[in-house]
Every structure is written in structure tokens, then in C-alpha cells.
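# Understanding the architecture of this molecule
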Amino acid sequence: MIYLELFFTFLQIGTVSFGGGYGMISLIREQVLSRNWLSETDFLNMIAVSESTPGPIAVNMATFIGASQGGLPGSVAATLGVVLPSFIIILLIAALIRNLLKYKGVQAFLSGIRPCVTGLILATATLLFFNTFLGIQQLHSPFSIDVRAFAILTVLLILQHRKKAKNPKGIPPIGLISISACLGIILYSF
Amino acid sequence: MKTYVTLFLTMLKTGLFTFGGGYAMIALLENEFVSQKKWIEKEEFLDMVAIAESTPGPIAINAATYIGYKMLRFRGALLATVGVCIPSFIIIYIISLFFDQFLSLTLVANAFKGIQVCVIYLIFSAGIKMLKGIPKTPFNIIIMTFVISAMIITSFLAVRFSTLYYILICGMCGVSMYLLKRLSKNKEDAA
């Protein structure tokens, strides 16, 4: 039953992910790839859509994956799943255990989680880089360098660097996505 | 009744007009609930942000649930959470209906090849931003190095090791570290 599977997968993701939408990316990638819901390319497209539309990224990702696997009921199931743990945990904190974060044990647990989530995000980005730029998925997979991808990355890095010299916030994600869409059309069409 | 409607509409507006997820939303929520409507004290809002960031789940949902509960208890929490999700849900659902057809156009497919590069860049920068915010203690550096290398190696060797375990193991490391420190402190005190 795909709806239940979507619901419970996202329920698990919502319960154990720390650090918001980006902290969720490694968990979501692992789940959608191992369940054959999305390919690596679909996964990247999905993140692009979630980033360039309004609203919480996590909700966008859940709705998108849910819709791709089970239409409207699927997207409801996935979204409910990702939201429910947050909702319950925050209600408990707001209503009952206001100083949960002040407990030393909880602080200690979180102090281990923070570097972990940072590591997970960086590792996921590295894996995606190997896959998209070099075509390496596993140890024995053949090697193919995508020169165009490197060219786009270089342009993005230069533009962002120059913008940050003037404004520390830099170019917003949606601006970077638009720029790379144009570069993609130019470089891959010819 | 009026407060229910205002809370719901404000959350709906927040969900509709923020790009870039939780952190962008927090700035908007502060403007709405603290500066303009004065429904929540500045200090309480900052507490809320700390809670939203350190509890699991989407930061935007955590924040909405908390603010809704503070204002109108359970019903407020429900209204606020539903309100902040609805715009996302509708927009993404509509996009998903046309997305595959849209991608079958060569021009669009090529644009998305460019966008994929950008997404990897965005994930990297999110990671680097978090890295900059973490104190470079030996404990943090060891945990990060362990997670990054273990995840890359298991993936290349096609060994399945769930991300969930990394999170639990590292949380436990944090707790053990704390217990060890307390233990050695007790010993010092005794000596």
C-alpha cells in the first residue's frame, strides 16, 4: 500500500531529521533512491522545484514525492507524515515541558547531532558531485567528466563571489537557479 | 473568532511569500507577530526560534505550531500549521501534474541539467554555512570527519547503512562525552 508506505517513510524522516529542510536531504535521498521512487536526477530536479517555490522546503519535497508516487492522496500522506512529528513534539514542549532544551542530557544529545547533520549535508553534496560531475556512483562505475557542469559551477562561483563582495547575503537561491537554467540551455543545447 | 481568522491568514501569507525555507520564514514571522501585531514578546520569540531549530522536523512547521499554540492553544497550533502548509501543498501539487510533460521538452531538460549543478552548489553552501557556525572543538571535528568519510565510503562500496544510525550514534556520542566530563570533574572534586 503506497499511501501507508509514503506516510510512514515521511513520518520517520520528520521524526529523526534535525536542522530543517537541508538537514532532511540526506535522509530523503537515501529513502527515495533505495525505494526506487526517484532517480538521482529526479531527486535533484525535485530539490530545485522545492527551492524555487514558496513555503517550507520539507513540505515542498514531501508533497512532490508523494504526488509522484501516489497522486493527490499520496501527496497528502507524505505531507502529513513529515509534519506530524513536528506538530506533536512542539505541542508537548509548548504545553508540558517548556524547559526541555535546558536539560543537560538533551543539550548533550544535541551537541552530538549538530556536527553530525553538518557532516551528512556535506557528504551528500560530495556524493551528488561525484555522480553528476564525474559519473561515479560506485567504486567500479565508469568515469565520465561533465565539462559543461564544471563550466556552470565555475560561473556560479565567480558570480556569487563578486556579489558577496558587495552584499554579504549574496545571490538568493532562486536567482542562482535562474542563472544556471539559462546556462544549461545555452551549454547543453549546442 | 477574529483572532483565529487572522492567525490562519497570517500563516497562509507567510507560507505563500517566503522562499528558501525555515530561516527566511522566521524573519517574516518576527515582523508579523512581534513587530506589527505585538502578539508575542521579543524574548519569547527568540526562545521559540531556539526550540524550532533544535527539535526535529521542518523549522517552519515547528515555528508555526509553537506560535499557534501560544496564541490559541491546540486549535491555534492546528490552524497555524495547516495555514503555513497549504500554499506549498497546492503549488507543488499543481506543478507535479505537469512536471514530467514539461521535462520532456528538450529545452527544459537542458535547463534542468544546468539547475542540477546549481542544486549541488546550494547543498554544499548550506553545509558550509553550518560548518562555519560550529565551534571547531576536537569532538565536533572528529564527529564530522567520521560522518563524512563513513557516508562516502559506504556509498561507494554500496553498503547500506541508514542515515538514521549516524544521527543516533552521534547523539549518543554527545551524551557519553557529557557523562565522561562529569565523571572526571567529580573525580577532581573528590581528589
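Bear in mind that the values here come from a model prediction, so they are computed numbers and not experimental data. (Residues numbered from 1 in each chain as written. Chains lettered and ligands numbered in written order. Predicted model: local features only at pLDDT ≥ 70, side-chain atom pairs only at ≥ 80, totals over all residues. Heavy atoms only, no water.)

Looking now at the overall build of chain B. For chain B, the helix and strand inventory stands at seven helices and zero strands. In chain B, the succession of α and β elements from N to C terminus is α-α-α-α-α-α-α. The C-alpha radius of gyration of chain B comes to 22 Å, more than 25% above the 16 Å expected for a compact globule of 191 residues. Taken along its principal axes, the extent of the C-alpha atoms in chain B is 65 × 50 × 25 Å. Counting every position in chain B, which comprises 191 residues, the buried fraction comes to 47%. Excluding contacts between residues fewer than 6 apart, the proportion of contacts in chain B whose partners are at least 24 apart in sequence is 46%. Looking at chain B as shown, the accessible area adds up to about 10100 Å², and 69% of this sits on carbon and sulfur atoms. Put simply, chain B has 17 plus and 10 minus side-chain charges, and the middle of one group is 5 Å from the middle of the other. (Helix = DSSP H or I, 4+ residues; strand = E, 2+ residues; numbered from the N terminus. Rg over C-alpha atoms; globule rule 2.2 N^0.38 Å. Buried < 20%, exposed > 50% of the residue type's maximum accessible area, 1.4 Å probe, protein only. Contact = heavy atoms within 4.5 Å. Areas by Shrake-Rupley, 256 points an atom, 1.4 Å probe, with all protein chains shown as cover. Lys, Arg positive; Asp, Glu negative; His and termini not counted. Charge placed at Lys NZ, Arg CZ, Asp CG, Glu CD.)

Residues and elements named next belong to chain A. Assigned domains within chain A: domain 1 (2-143) and domain 2 (146-190). Here domain 1 and domain 2 have C-alpha centroids that lie 25 Å from each other. In this complex, domain 1 contributes seven residues to the contact, which on the side of domain 2 involves seven residues. With both sides pooled, the region where domain 1 packs onto domain 2 buries about 580 Å², and carbon together with sulfur makes up 78% of that total. Of all residues in domain 1, Glu51, Ser52 and Phe133 bury the most surface against domain 2, accounting for 72% of the area lost on that side. Inspection of the region where domain 1 meets domain 2 yields zero salt bridges. The tally of links from domain 1 across to domain 2 stands at one residue pair in polar contact (both at pLDDT 80 or more). If you list the elements that add at least two residues to the side of domain 1 that touches domain 2, you get α3 (40-52) and α5 (104-134). Considering only residue class, the side of domain 1 that touches domain 2 consists of four nonpolar, two polar and one charged. (Domains from an automatic or database assignment. Buried area = accessible area lost by both parts, 1.4 Å probe. Salt bridge = Lys/Arg side-chain N within 4 Å of Asp/Glu carboxyl O. Polar contact = N/O pair within 3.5 Å; in protein donor to acceptor, adjacent residues only side chain to side chain. Nonpolar A, V, L, I, M, F, W, Y, C, P; charged D, E, K, R; others polar.)

Moving on, we come to unusual backbone geometry. Residue and element names in this part refer to chain B. Its identity is not glycine, yet Arg73 carries a phi of approximately 55 degrees, on the positive side. Looking at where Arg73 falls in the secondary structure, it is placed in helix α4 (residues 59-103). Backbone geometry places Ala158, a non-glycine residue, at a positive phi of 55 degrees. Relative to the assigned elements, Ala158 resides in the loop between α6 (138-156) and α7 (163-190). Classification of Ala158 as partly exposed rests on a relative accessible area of 45%.

Further remarks concern the side chain of Glu51(A). Its place among the elements puts Glu51(A) in helix α3. Buried charge Glu51(A) goes without a salt bridge, the closest partner of opposite sign being Lys129(B) at 9.7 Å. When neighbours within four sequence positions are excluded, Glu51(A) is seen to be in contact with Tyr22(A), Ile57(A), Pro173(A), Ile177(A), Phe19(B), Gly20(B) and Leu122(B).

With that settled, consider the domain arrangement of chain B. As assigned here, chain B comprises domain 1 (1-104) and domain 2 (135-191). Here the C-alpha centroids of domain 1 of chain B and domain 2 of chain B sit 33 Å apart.

The next thing to look at is the pattern of salt bridges. Residues and elements named next belong to chain B. Enumeration according to the criterion identifies six salt bridges over all chains in this entry. For Lys37, the salt bridge is made with Glu32, and the minimal N-O distance between the two is 2.7 Å. Given a relative accessible area of 6%, Glu32 falls into the buried group. Lys70 serves as the salt-bridge partner of Glu44, at 3.9 Å between the closest nitrogen and oxygen. You can see Glu44 sitting in helix α3 (residues 42-54) and its partner Lys70 sitting in helix α4, a full 26 residues away along the chain.

Quick look at the nonpolar core now. Within soluble globular proteins, side chains that are nonpolar generally end up buried alongside one another. The biggest cluster of nonpolar side chains holds 113 residues, and the ones touching the most others in it are Phe10(A) and Ile28(A). Phe10(A) has contacts with Ile28(A), Trp37(A), Ala62(A), Ile65(A), Ala78(A), Gly81(A) and Val82(A), leaving out every residue within four places of it along the chain. (Core = buried A, V, L, I, M, F, W, Y, C linked by side-chain atoms within 4.5 Å.)

This paragraph deals with the interface of chain B and chain A. Each side of the interface is counted separately: chain B has 88 residues, and chain A has 98 residues. Across the chain B to chain A interface the summed buried area is about 8200 Å²; carbon plus sulfur atoms make up 80%. Considering only the side of chain B, the residues that lose the most area to chain A are Tyr121(B), Ile123(B) and Phe156(B), jointly responsible for 9% of the buried surface there. The interface formed by chain B and chain A contains zero salt bridges. Where chain B meets chain A, there are 11 residue pairs in polar contact (both at pLDDT 80 or more). For the side of chain B that touches chain A, the secondary-structure elements that each account for two or more residues are α1 (2-17), α3, α4, α5 (106-133), α6 and α7 of chain B. With 23 residues, α4(B) is the largest single contributor of residues to the side of chain B that touches chain A. Split by residue class, the side of chain B that touches chain A holds 61 nonpolar, 22 polar and five charged.

Turning next to α3(B). Compared with the 18 Å implied by 1.5 Å per residue over 13 residues, the 19 Å span of α3(B) between its first and last C-alpha is a close match. Within α3(B), burial applies to Phe45(B), Met48(B), Val49(B), Ile51(B), Ala52(B) and Ser54(B). On its buried face, α3(B) sits against α4 (57-95) and α5 of chain A together with α2 (22-36) and α4 of chain B. (Expected span 1.5 Å × (residues − 1).)

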